[in-house]
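Observations on the three-dimensional arrangement
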Amino acid sequence: MAKKFDSDYKAENIQVLEGIEAVRKRPGMYIGGTGIDGLYHLIWEIVNNSIDEALAGYAKNIEVRLEKENRIIVSDDGRGIPVDIHPETKKSALETVMTTLHAGGKFSHKVYKVSGGLHGVGASVVNALSKYLKAIVKRDGFEWSQEYKKGKPITPLKKGRKTEETGTTIIFEPDPEIFPEIKFERERILEYLRHQAYLTPGVRINFIDEREKFFIYSFYFEDGLQAFLKHLLFSRHPLFDGFFEGEAKEEEDKELNVIFTYLEHQETIEYFFTNNILNTEGGTHALGFHNALIKAFSKAGEELGVFKGKEISLTQEDIKGGLVAILSLKISEPQFEGQTKTKLGNPEVKGFVENAVSEKIIEWLHKNPDKAKIILNRVLVNVEARKAAKEAKEAVLKKRIQTSLILSGKLADCSSKNPEERELFIVEGESAGGSAKQGRDRRFQAVLPLKGKILNVEKASLAKILKSEEIKNVIIALGTGFGKDFNFENLRYSKIIIASDADSDGNHIRTLLLTLFYRYFRPLIENGHIYIAQPPLYKIQVGKEIYYAYSDKEKDEIIKKLSQKRANIDIQRYKGLGEMNPEELWGTTLNPEKRILKKVTIKDAEEADRLFTILMGQDVEPRKRFIEKHALEVQNLDI
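In short, a report on the structure.

In the structure shown here, the tally under the stated rule is 32 salt bridges. Glu173 is the salt-bridge partner of Arg71, the closest N and O atoms lying 2.6 Å from each other. Taken together, the residues Arg71 in strand E3 (residues 71–76) and Glu173 in strand E9 (residues 167–174) connect sequence positions 102 residues apart. The class for Arg71 is partly exposed, based on a relative accessible area of 25%. Salt-bridge contacts for Lys138 lead to Glu165; the nearest nitrogen and oxygen are separated by 2.8 Å. Of this pair, Lys138 sits in strand E5 (residues 130–139) while Glu165 is found in the loop between strand E8 (158–162) and E9, placing the two residues 27 residues apart along the sequence. Look at Glu165 and you get partly exposed, because its relative accessible area is 46%. Salt bridges sharing common partners tie together Arg24, Lys150, Asp175 and Glu177.

With respect to the helices and strands, the residue Phe521 is situated in the loop between helix H15 (504–520) and helix H16 (522–526). For Phe521, a relative accessible area of 1% puts it in the buried group. Setting aside residues up to four positions removed in sequence, Phe521 forms contacts with Ile475, Leu478, Thr480, Gly481, Phe482, Phe486 and Leu516.

Turning to the packing of helix H6 (residues 186–199) against helix H7 (residues 225–232), a few remarks are in order. Their axes nearest at 7 Å, the elements H6 and H7 cross at an angle of 140°. The angle between the axes of H6 and H7 places the two elements in the oblique class. Contacts between H6 and H7 involve Glu191, Arg194, His195, Tyr198 and Leu199 from the first element and Leu225, Ala227, Phe228 and His231 from the second. Classifying every residue of the contact of H6 with H7 by side-chain character gives five nonpolar, two polar and two charged.

Note that Leu344 resides in the loop between strand E16 (323–331) and helix H10 (347–367). For Leu344, a relative accessible area of 1% puts it in the buried group. Put simply, Leu344 and Gly283 are 61 residues apart on the chain and 4.4 Å apart in space, counted from C-alpha to C-alpha. Leave out the neighbours within four places in its chain, and Leu344 touches Thr274, Asn279, Gly282, Gly283, Thr284, His285, Leu329, Ile331, Pro334, Gln335, Phe336 and Val349.

Glancing now at the sheet that holds strand E23 (residues 570–573). Here we have three strands laid out as an open sheet, ordered E22-E21-E23, and antiparallel in their pairing. For this open sheet the edge positions go to strand E22 (545–549) and E23, each flanked by a neighbour on one side alone. Strand-to-strand twist in this sheet, taken as the mean axis angle between neighbours without regard to direction, amounts to 20°. Bridging between strand E21 (residues 538–542) and E23 involves four bridges; their strand directions are antiparallel. Across the sheet, Tyr538 pairs through a bridge with Arg573, a residue of E23.

Inspection of the sheet shows E21 paired to E22 by five bridges, in the antiparallel sense. Looking at the pairing, Tyr538 lines up with Ala549 of E22. Hairpin geometry of E21 and E22 is characterised by an intervening segment of two residues between the two adjacent antiparallel strands and by a positive phi of about 65° at Gly543.

Criteria and thresholds
- Residues numbered from 1 in each chain as written.
- Predicted model: local features only at pLDDT ≥ 70, side-chain atom pairs only at ≥ 80, totals over all residues.
- Heavy atoms only, no water.
- Salt bridge = Lys/Arg side-chain N within 4 Å of Asp/Glu carboxyl O.
- Helix = DSSP H or I, 4+ residues; strand = E, 2+ residues; numbered from the N terminus.
- Buried < 20%, exposed > 50% of the residue type's maximum accessible area, 1.4 Å probe, protein only.
- Contact = heavy atoms within 4.5 Å.
- Axes fitted to C-alpha atoms, helices over the stretch in contact; angles between N-to-C directions.
- Parallel < 35°, antiparallel > 145°, perpendicular 65-115°, else oblique.
- Nonpolar A, V, L, I, M, F, W, Y, C, P; charged D, E, K, R; others polar.
- Pairing = 2+ DSSP bridges.

Written out as structure tokens, the structure is:
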């Protein structure tokens, strides 16, 4: 079926601003870096072009395909990039777009009223940083194609078969000369495409992975932000049934959609998008939204009598505790801070969002007084928690000064003053702590023993958390502060190593510590400072020969080899670090040349957040379903 074309989308609408030579010299200026994030940014740039066609009302289907040898294919059924001759470059519009920096249809409001691409460098940058790229366009009754290498055409524009279809397909292979590691993770791409599908209702996005076993996943949502919110609320507990949802427009250049609710828990989950681009650092739309909540809650709190007789001056911290919100903004000329578009900078957006959203929230609160009172009382709880937390933090800081990191004798610090080589072992119990203190290298290894299981921060208020003696000791030892007050410059150790027993209690303590680090010291995980020690499970001795096994499989292999000697084999199963003498602990768990450490990473913060909530939250049923689903995957279980 032939599509209706926009007569304003032709070669003459492609504006040219400058060349492409600088991209390969300084790729970080255009994609943020040549690491993993920059690699994925290549996919996002091409996908965003297809999304822009969908936002303009032309594309209804988008496909992302991963093939072997790191080849990526992105297709859409939009209008197709123009192929007629550009009046300035005297080349085809396709070649102009693919080889010229700041050339594209996104500078022309006739073609795209809104777009994720302010800079107009997406396709040309991907081309410049690819060892091979092929563009296939279905348009004007034919299929057209052109191939490129490192940003330069290696074939002329070819006119192919006749077709009534329209659309664009980009096939590219990232250049290993630019990217030291080229490896794509399926889950990260799926999560990005899921967001795009939520924000573009009625558009189907297919993902196909052909690298190993064939895998296909399809996204399609009619109700957009509501479906997105439902996804975020999985295994979480909202304060009430329902949510606030609103939209606003200002002439033809600004359009806003927002949805939010509140959770019983203190965590905050916010997503801010501009023209479907996730702004992880927020920006002027985020500031306007937070100000709108403060304004609306302050006014409604007085008018509905919830704040009556109370001197309340709300802050961002007060309205964010428990908030789950998604805001999608569409504007004609977004101004991002940096090519990776993590923060929106348009100053006029703040007032537009603040005024439009606050009025609609006030109206909604008055129409829903029961929900309003639940939210406003929750905000009051946040205010009280903020004041209590401030007092508790002051007490922690006071104690830090008073104790000078002696921690009442609990922390056995190291003598080195170089944070790059200092290590902190957090161990379970006084017995293990005693062995670790004696067995360590005192020059660069510090030991902090914990007494019993620490507080489950998933279920506790911030004020209660800061009253926990064990957690206060961890905070003081690290020196960084915590939560929103975290400061990397004050980190006292390059490695924070959790060393717990290899039993169910040890696993529980390890999970509690990881929950603490995830909630309040997340940068430590994100930057690779948290490790888990893996002490041996077995000591196997034949005469004077001693072997250590770190798994049942390794134990069986050692025993099989030793059985050939027909000697008496003595096997000891370690259940606690306290069972090891200092020499054994040094040789197996502390010695950097022999020990095994597992670095804790967060591949997908949202998925990790969901998992922590299931395992450590108050709702038993999701945890039960998770255990039943994964029970067969368990290899070692202590009961």
